[in-house]
Amino acid sequence: MQEIESRKTHIRKGLLKWAKRNLRTFPWRQDVSPYRILVAEVLLKRTTSTAVERLFPSFVQAYPDISALAGARKKDLRQKLVQLGYHKKRAEIFIEMARYIMKKYHGRIPKTQEELLDIPHIGDYTANAILSLAYGIPAAMVDCNVIRIITRVFLKRLPEKTPQKIVQEVADLLSPKKDYQCYNYALLDLGALVCRSGTPKCKICPINRYCDYYTLGKPMMNDC
Ligand code: SF4
């Protein structure tokens, strides 16, 4: 882990500086609350952020809290979600999650990773998004974009197809103790805008000096 220790301060600084000018704006990044983050993460499954951006405001207006979602009629919810696709399953996910939270936590979204992971359909990524973005508890968010960045940056140390558990450990080590919300957004957005699947834009990347993939001359990779 020496490799990570020696680069982590530079990587954090580079990302936080880049974030000041480059973060994307989305409705769920404004008026942040545990509920809005949870809704956004379910909506973002299997679709694009642009599609979710169009639906999100009217969705949270129609279903403003866990109680409204738990009491929703499946047919109405499906109809509301139809424009995103995957709507039957998405409606089921919303209802199962909301009813569980109503029953076990009286509509309050819990604040610990253990409790969050106990809720149906919530995995590590969504739990960490709720903790770090809404509750202000440091937690590294690791999705496909972040896996791609970390395995490229530490290519000399992390073999291809590194298990997600190991990538999560590296992400936890890299994550700062403050400004972690901005840092999490920066990693997600770097993955979407710069360190993209296929051909990354390494020349304009704020952390290229600390990236194995770039310094090794961009070898072939089967990345995520
Ligand atoms: S230098 Fe290239 S591969 Fe490395 S993190 Fe930046 S964009 Fe990704």
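Residues numbered from 1 in each chain as written. Predicted model: local features only at pLDDT ≥ 70, side-chain atom pairs only at ≥ 80, totals over all residues. Heavy atoms only, no water.

Caption draft 1: Molecular detail of the site of the ligand. All residues adjacent to the ligand are Arg152, Val153, Val194, Cys195, Pro200, Cys202, Cys205, Asn208, Cys211, Tyr213 and Tyr214. Broken down by secondary-structure element, the contributors of at least two residues to the shell around the ligand are helix 9 (144-153) and helix 12 (212-215). The residue inventory of the shell around the ligand, partitioned by class, reads nine nonpolar, one polar and one charged. (Near = heavy atom within 4 Å. Helix = DSSP H or I, 4+ residues; strand = E, 2+ residues; numbered from the N terminus. Nonpolar A, V, L, I, M, F, W, Y, C, P; charged D, E, K, R; others polar.)

Caption draft 2: Fine view of the packing of aromatic side chains. Evaluation of the coordinates by the stated rule reveals four aromatic pairs. Aromatic ring contacts, followed pair by pair, group Phe26, Trp28 and Phe56 into a single cluster. Above the ring of Tyr213, the side-chain terminus of Arg152 is found at 5.2 Å from the ring centroid. (Phe/Tyr/Trp six-rings, centres within 6.5 Å; stacked < 30°, edge-to-face > 60°. Lys NZ or Arg CZ within 6 Å of the ring centre and 35° of its normal.)

Caption draft 3: The arrangement of helix 9 in detail. Of all 10 residues in helix 9, nine are buried, a share of seventy percent or more. If you check which residues of helix 9 are buried, you get Asn145, Val146, Ile147, Arg148, Ile149, Ile150, Thr151, Arg152 and Val153. Its buried side turned inward, helix 9 meets helix 1 (2-22), helix 10 (164-174), helix 11 (180-193) and helix 12. Among the residues of helix 9, the N-terminal cap falls to Asp143, whose side-chain oxygen and the backbone nitrogen of Asn145 are separated by 3.1 Å. (Buried < 20%, exposed > 50% of the residue type's maximum accessible area, 1.4 Å probe, protein only. Contact = heavy atoms within 4.5 Å. Polar contact = N/O pair within 3.5 Å; in protein donor to acceptor, adjacent residues only side chain to side chain.)

Purely geometric stuff here, so don't read any function into it on its own.
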